[in-house]
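Structure assessment
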Amino acid sequence: MSVLAAEWLKVRSIRSSHLIVGIGLGSVLLAAGLAWMAIGMYEDASPSMRRSARIAELEEVVVIVPQLCLGILGLVSWTSDRVLQTSLTIVPRRWPVLMSKAAVAGGLGLVVGAVTVFGTFFLSRGMLAGRYPVSGFAESWPILVPTSISVAVFAVLGVGLGVIMRSTAGAVAVLVGLVYVIPMIGGNLPEPWSERLGSVMMGALPREIAGASLASSVYGELLSPVAAALVLAAYALLPLLAGAWLLRRRDA
Amino acid sequence: MRAVLASEWLKLRSVGSTGYAVGAAALTIVLGIVWTLYVVSLADARGSIRAAAPEEGFLPLVQVSLAVLGVLAITSEQADGMLRTSLAAVPRRGRLLFAKAAVVGGVTLAASAAVLIATYTISRLIAGDRALGFNDIGLLDGLPTVLASALSVAVLALVGLGLGAATRSTAAGIFSVVSLLFVLPSVAAYLPAPWNTRVASIMLPNLVPQIAGDRLSRRLGDGVLPPWAALLVLIAYGAAALLAGYLVLRRRDA
Amino acid sequence: MIELRQLTKRYGDTLAVDELSFRVEPGHVTGFLGPNGAGKSTSMRLVLGLDAPTSGQALVNGGRYADLRRPLHEVGALLDAGAVHPGRSAYNHLMCLALSNDIGARRVAQVLELVGLSGVARKKAGGFSLGMKQRLGIAAALLGDPGVLMFDEPVNGLDPDGVRWIRGLMRGLAEEGRTVLLSSHLMSEMALTADRIVIVGRGRLVADATVAELTAGYPSLEEAYMALTASSVEYGAAR
Ligand SMILES: Nc1ncnc2c1ncn2[C@@H]1O[C@H](COP(=O)(O)OP(=O)(O)OP(=O)(O)O)[C@@H](O)[C@H]1O
Ligand SMILES: [Mg+2]
């Protein structure tokens, strides 16, 4: 418990983590800006164009910002922890430290995820309603919840990658690779591989969990809700466990 | 200046991360070969096929790897304190940054051009006269696009260097580059038409097709910039990031 | 020669260096003393132009450091021994610095030999012990055979043999007519190495005298230092 408290203090007392969390929360403003532009376009449009006006779910568009931010927060909490050496003399075993970092990052991710996703939902729906066709809360919450959780998944994934890669640059590069590069490459694959790969990409999982239809052509929708939830959990847990195992191997 | 260039060139050569970054970028050649062999086998089974070109499909890998190289060229020195020693040896900060930019720009341009041209040529050779979609224009006709891609990778590495100097942190530097490369373009693509195309036209990754006179994507259609303007915007990205880095480097205590 | 004129440096609301003026003359070792946080390292960074002074001037050989064309030939400094890329070899680390100032590979080999690191020149600096890193930092300071040298706590982490070696090195450099500024917290060692002493406290000048003058009124340099800095210790243990 004291290890957990120490890790929480570490995150809280570093200025860069305030900045990272701030940028993550700032995605709500980004969404508001997009909604504002969309309203401007609607006002300028002809009546027939207005009837066909469509807009994407903004919380799903901007959630990549807190995801990336929290992922970086998670991995930096490991790779740039200069006192890791010192804290190891206080806490002789590394893996409570690792689990505490994961818990702190995951908890923070959950809060930031919920605030940004739900915040964006209510703000953008409030702004857009009456102009664009928008979905209501009752039909949307099954997507909003896993989308929020995905931010926490990124945070824990970041911690895992930090341990595995041991370098900030390497870990950020792999994180970016997982989130952007592989889906982009996967989208170019011929069927059926494009859809198969697209279905296990992080961006596809929230909608698969909710059993909703596809948001973006890059992704697939082959997984059942339960399978999608398991894949989402695997994104967080597999790198973390691999990291814990590597820690034990690297030095006793 | 030549002395500082030689020093920066050795700095870049003598750390492991440079090798990893270039190696990751060079992985594109291997992936491109695997990709082409796979597509060829599909084409042999189905007759013809429309597949993406490997040097385009795997371009993000080259972009990310070499942008990280650019960021690290300055932030690794800031992280370990070497920057102070470097500035004691070269007190003119603009000169130091300029030498870094020249070396990073040259190395990433050479590396990306080599990787992309190799991927491009090998895949066309493997494809032979099968119709795979990406090889329906002559071997030489596709080269300008490949060279524009290579140039964009070098600019991206310079953007990384500039933003690394401006943010003074590896994580923040890479985050900034990734924002320019992936986050903002993907957000822009969700704007209602025609704004999605207009905003997307000035996004970094969309400048290459505009320089080469291609469309942005099936959904976004043609960009709004003529080739020369797209080239100018590309250069402006690099220049603006380096300027921001210079201003921070010059004013802040090391 | 190093000269500080009314040098002042403020970080936010901390006044790190406060109207500090003194000169470091060639031909002898000048010890730079003061409690933790007194402003010694900051003064050295200001001399090297790494930090910009809030007001006042720091001059080397009568000019600003930033105006030097190939500064390693005039000033050598060891500020932080840990400031090396962990993945770069000792040889390449020095070579990077040497190239930027038109210094050849022969000189790099020479200074490596001088500090006793020839055997590990191709090893990664990240694996070096504290004492080995100090030696690498000293080698870097000596690269350009400069007339002005500054060392910030170079004996930290050195073995007894190394401490004695540094003492000889510093005195030798000064005897050759160079300007040597050396900070340290080891009073007995300083008494053996330095001829002159500059003491700062809370960023201000406390004393600027020869070792002989300081020890005249006190049993030892340590006693003199204790008495002079009694009122300027900021981070002392509770008694
Ligand atoms: N970059 C900085 N930002 C903020 N404050 C700083 C910075 N550098 C130094 N200081 C502050 O300036 C004061 C002087 O620090 P300095 O490192 O110069 O002391 P010092 O005499 O070298 O101490 P020590 O003997 O412990 O090495 C301290 O209060 C320190 O906290
Ligand atoms: Mg100090």
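Anything mentioned here points back to the structure above.
Residues numbered from 1 in each chain as written. Chains lettered and ligands numbered in written order. Predicted model: local features only at pLDDT ≥ 70, side-chain atom pairs only at ≥ 80, totals over all residues. Heavy atoms only, no water.

What follows concerns the pattern of salt bridges. Tallying each qualifying case throughout the model produces 25 salt bridges over all chains. Of the charged contacts in the structure, one is a salt bridge between E60(A) and R207(A), with a shortest N-O distance of 2.7 Å. On the criterion of sequence distance, the pair formed by E60(A) in helix α4 (residues 58-62) and R207(A) in helix α11 (residues 205-210) is long-range, its members being 147 residues apart. According to the relative accessible area criterion, E60(A) is partly exposed, its value standing at 22%. When the shortest N-O distance is used, the salt bridge between D136(B) and R50(B) registers 3.6 Å. (Salt bridge = Lys/Arg side-chain N within 4 Å of Asp/Glu carboxyl O. Helix = DSSP H or I, 4+ residues; strand = E, 2+ residues; numbered from the N terminus. Buried < 20%, exposed > 50% of the residue type's maximum accessible area, 1.4 Å probe, protein only.)

Glancing now at the interface of chain B and chain C. In this assembly, 24 residues from chain B lie in contact with 28 residues from chain C. Of all residues in chain B, the largest losses of buried area upon contact with chain C belong to D80(B), M82(B) and D253(B), amounting jointly to 22% of the total for that side. Joining chain B to chain C, the criterion identifies one salt bridge. Note that K9(C) is salt-bridged to D253(B), the shortest N-O span being 2.8 Å. The interface formed by chain B and chain C holds nine residue pairs in polar contact (both at pLDDT 80 or more) in total. Going through the elements one at a time, α1 (2-13), α4 (59-80) and α5 (82-89) of chain B are the ones with two or more residues in the side of chain B that touches chain C. By residue class, the composition of the side of chain B that touches chain C is 12 nonpolar, five polar and seven charged. (Contact = heavy atoms within 4.5 Å. Buried area = accessible area lost by both parts, 1.4 Å probe. Polar contact = N/O pair within 3.5 Å; in protein donor to acceptor, adjacent residues only side chain to side chain. Nonpolar A, V, L, I, M, F, W, Y, C, P; charged D, E, K, R; others polar.)

Let us look at the packing of aromatic side chains. All chains considered together, the criterion is met by seven aromatic pairs over all chains. Their ring planes at 55° and their centres at 6.2 Å tell us that F118(A) and F137(A) sit as a pair that is tilted. Here F137(A) lies in helix α8 (residues 137-165) and F118(A) lies in helix α7 (residues 94-128), a separation of 19 residues in the sequence. Taking relative accessible area as the criterion, F137(A) reaches 36% and is therefore assigned partly exposed. Members of the aromatic cluster, each reached through a chain of ring pairs, are F118(A), F121(A), F122(A) and F137(A). A cation sits over an aromatic face here: R135(C) above W165(C), 5.1 Å from the ring centre. (Phe/Tyr/Trp six-rings, centres within 6.5 Å; stacked < 30°, edge-to-face > 60°. Lys NZ or Arg CZ within 6 Å of the ring centre and 35° of its normal.)

A few words now on the site of ligand 1. Residues and elements named next belong to chain C. Around ligand 1, the surrounding shell holds 15 residues, and the nearest of these are G37, K40, S41, T42 and H185. Within the side chain of S41, one N or O atom sits 2.7 Å away from an oxygen atom of ligand 1. Elements with a contribution of two residues or more to the shell around ligand 1: β2 (14-24) and α1 (40-47). Here the shell around ligand 1 takes four residues from α1, the largest share from any one element. A per-class count over the shell around ligand 1 returns five nonpolar, seven polar and three charged. (Near = heavy atom within 4 Å.)

What follows is about the interface of chain A and chain B. With 33 residues of chain A in contact, the opposing surface of chain B contributes 27 residues. Counting the surface lost from both chain A and chain B, the interface buries some 2,500 Å², and carbon and sulfur atoms represent 85% of this. Applying the counting criterion to the chain A and chain B interface returns one residue pair in polar contact (both at pLDDT 80 or more). Every element with two or more residues in the side of chain A that touches chain B is listed here: α2 (15-44), α5 (64-79) and α9 (168-188) of chain A. Each residue belonging to the side of chain A that touches chain B can be placed in one class, and the counts come to 27 nonpolar, three polar and three charged.

Here the focus is the sheet that holds strand β9 (residues 204-210) of chain C. All names here are of chain C. Taking strand neighbours across the sheet as the criterion, the six strands line up as β5-β6-β7-β3-β8-β9 in an open arrangement whose pairing is mixed. The outermost strands of the open sheet, each flanked by one partner alone, are β5 (75-78) and β9. Direction aside, neighbouring strands of the sheet carry axes that sit 15° apart on average. Both strand β3 (residues 29-33) and strand β8 (residues 196-201) contribute to a ladder of four bridges, which runs parallel. By the bridge assignment for β8, G31 is matched with I197. Contacts between α1 and the sheet are confined to β3, β6 (148-152), β7 (179-183) and β8, with β6 contributing the most and set at about 145° to the helix. (Pairing = 2+ DSSP bridges. Axes fitted to C-alpha atoms, helices over the stretch in contact; angles between N-to-C directions.)

Membership of the largest hydrophobic core comes to 116 residues, with the highest contact counts inside it found for I2(C), L94(C), F151(C) and I197(C). Taken domain by domain, this core gets at least three of its residues from each of domain 1 (1-51 + 149-239) and domain 2 (75-145) of chain C. Residues A38(A), M41(A), V61(A) and F182(B) belong to the second largest nonpolar core, which totals 114 residues. (Core = buried A, V, L, I, M, F, W, Y, C linked by side-chain atoms within 4.5 Å. Domains from an automatic or database assignment.)

All right, on to the sheet that holds strand β4 (residues 55-60) of chain C then. Residues and elements named next belong to chain C. Taken in spatial order, the three strands line up as β2-β1-β4 in an open sheet, and their pairing is antiparallel. Taken across any chain shown, the strands that pair with only one partner, and hence form the sheet edges, are β2 and β4. Within this sheet the neighbouring strands show an average axis-to-axis angle of 20°, counted without direction. Sheet topology note: the strand β1 (residues 2-11)/β2 ladder contains seven bridges and is antiparallel. Bridge assignment links K9 to a residue of β2, and that residue is V17.

Residues and elements named next belong to chain B. The terminal C-alpha atoms of helix α8 (residues 170-188), which comprises 19 residues, lie 26 Å apart, in line with the 27 Å expected from a rise of 1.5 Å per residue. Of all the bends in α8, the greatest measures close to 50° and is centred on S179. The element α8 is largely enclosed, with a buried count of 16 among its 19 residues. Two or three places before A171, at the start of α8, stands the capping residue S169, its side-chain oxygen 3.4 Å from that residue's backbone nitrogen. (Expected span 1.5 Å × (residues − 1). Bend = angle between axes of the 7 residues up to and from the residue.)

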